[in-house]
Amino acid sequence: MNKKILIVAAHPDDEVLGCFGTVARLIQEGYEAYTLILGEGKTSRDEKRVVENKKDEIEILNSEIKRANDTIGIKKTFIYNFPDNRFDSVDLLDIVKVISKVKEEIRPDIIFTHYENDLNIDHQITYKAVITATRPMQNESVKEIYSFEILSSTEWNYPLSFSPDTFFDIEDTLDLKICAMKEYKSELCIYPHPRSIEGIELNAKYNGMRVGKKYVEAFKSVRVIR
């Protein structure tokens, strides 16, 4: 039976930035992969959250999510509408329940999610919710949890604390990650913003240089049960 991966991301495009090179590679190696996106990704730019005012933009973003995830062969994408950059206004239990529901449907072996000390509050809360939803009890399916970095969030927090210990060679799948990111036309930025095509390539090169590879994605292992 194929091993299953679940990506738990706070916002649309976090899944691509965080781990799509690695997950694309693992899909090619026979894994099944799924994505859970918790937040709607648009309303934080308004003074007050009025979802109806962003309905058209959210619809466009949801279509971008589908195209981006289809690019690498994600089997199914789950999309929820927690308030963008306002996860701290929601009961943690509500987020935990969504993650638990999807997790029980999929029964993943591996989860990729956010780093606990990112600058972004939604990323911090997503991490905490994942850890809560995957408490290592006897029948828990999840045996490996890895935190990823998000350009324009992880490296913008101070003091810097992301210290990866797991590195995936993505030389053969970086192009798929970039193709997926190009589908997020509403989120992609222009260099020198980190969330740009050039930023993604530079980060993969930098992480590769650290471990003697050409292009790499770096992760902090949270829990690995062997």
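Heads up: the structure comes first, above all this text.
Everything in this summary refers to the structure shown in the same document. (Residues numbered from 1 in each chain as written. Predicted model: local features only at pLDDT ≥ 70, side-chain atom pairs only at ≥ 80, totals over all residues. Heavy atoms only, no water.)

**Thoughts on the sheet that holds strand E1 (residues 4-9)**
Pairing between the strands of a sheet is mediated by backbone hydrogen bonds and can be parallel or antiparallel.
1) Next: Taken together, seven strands build an open sheet; the order of strands is E3-E2-E1-E4-E5-E7-E6 and the sheet is mixed. Every interior strand has two partners, whereas the edge strands, strand E3 (76-82) and strand E6 (166-169), have only one. Looking at each pair of strands side by side, their axes are set apart by 25 degrees on average, direction ignored.
2) Next: Two elements, strand E4 (residues 110-114) and strand E5 (residues 144-148), share five bridges in a ladder whose sense is parallel. Residue pairing in the sheet places His114 in a bridge with Phe148 of E5.
3) Next: The sheet contacts of helix H3 (residues 92-106) involve E1, strand E2 (32-39) and E3, and relative to E3 the element is tilted by about 170 degrees. (Pairing = 2+ DSSP bridges. Helix = DSSP H or I, 4+ residues; strand = E, 2+ residues; numbered from the N terminus. Axes fitted to C-alpha atoms, helices over the stretch in contact; angles between N-to-C directions. Contact = heavy atoms within 4.5 Å.)

**Considerations on the pairing of E6**
1) Next: By the alternation rule, side chains of E6 split into Thr166 and Phe168, which are all buried, and Phe167 and Asp169, of which none is buried.
2) Next: Looking at chain direction, E6 and strand E7 (residues 216-224) are connected through four bridges and run antiparallel. Its bridge partner lying in E7, Phe167 is registered against Ala218. (Buried < 20%, exposed > 50% of the residue type's maximum accessible area, 1.4 Å probe, protein only.)

**Some details on the nonpolar core**
1) Next: Judged by nonpolar contacts, the single largest core of 36 residues is most densely connected at Ile5, Ile7, Val23, Ile74, Phe112 and Tyr184.
2) Next: The set of elements that each furnish at least two residues to this core consists of E1, helix H1 (14-28), E2, helix H2 (55-72), E4, E5, helix H5 (174-182) and helix H6 (197-210).
3) Next: With eight residues, the top contributor of residues to this core is H1.
4) Next: Sequence-distant contacts of Tyr184, defined by excluding residues within four places in its chain, comprise Pro12, Asp13, Glu15, Val16, Ile37, Leu61, Glu64, Ile65, Ala68 and Asn69. (Core = buried A, V, L, I, M, F, W, Y, C linked by side-chain atoms within 4.5 Å.)

**Quick notes on H3**
In an α-helix there are 3.6 residues to a turn, and that puts residues three or four apart on one side.
1) Next: Here H3 contains 15 residues, and its C-alpha end-to-end distance of 21 Å stays within 8% of the 21 Å for a straight helix at 1.5 Å per residue.
2) Next: Among the residues of H3, those classed as buried are Ile95, Val96, Val98, Ile99, Val102, Lys103 and Ile106. With its buried residues spanning 160 degrees around the axis, H3 presents them on a single face. Looking at H3, the residues exposed on the side facing more than 90 degrees away from the buried face are Leu93, Lys97, Lys101 and Glu105. (Expected span 1.5 Å × (residues − 1). Arc of directions from axis to C-beta.)

**Let's talk about the packing of aromatic side chains**
1) Next: Inspection of the entire model under this criterion finds seven aromatic pairs.
2) Next: Arranged with centres 6.1 Å apart and planes meeting at 65 degrees, the rings of Phe82 and Phe87 form a pair that is edge-to-face. Judged on exposure class, the residue Phe82 and its partner Phe87 are both buried.
3) Next: In this structure an aromatic cluster arises from ring pairing among Phe112, Tyr146, Phe168 and Phe219. (Phe/Tyr/Trp six-rings, centres within 6.5 Å; stacked < 30°, edge-to-face > 60°.)

**Regarding the packing of H1 against H2**
1) Next: Between H1 and H2, the least distance of the axes is 9 Å, while the angle of their chain directions is 30 degrees. In this structure, H1 uses Glu15, Val16, Phe20, Val23, Ala24 and Ile27 to contact H2, whose residues at the interface are Ala68, Asn69 and Ile72.
2) Next: Residue composition of the contact of H1 with H2, by class: seven nonpolar, one polar and one charged. (Nonpolar A, V, L, I, M, F, W, Y, C, P; charged D, E, K, R; others polar.)

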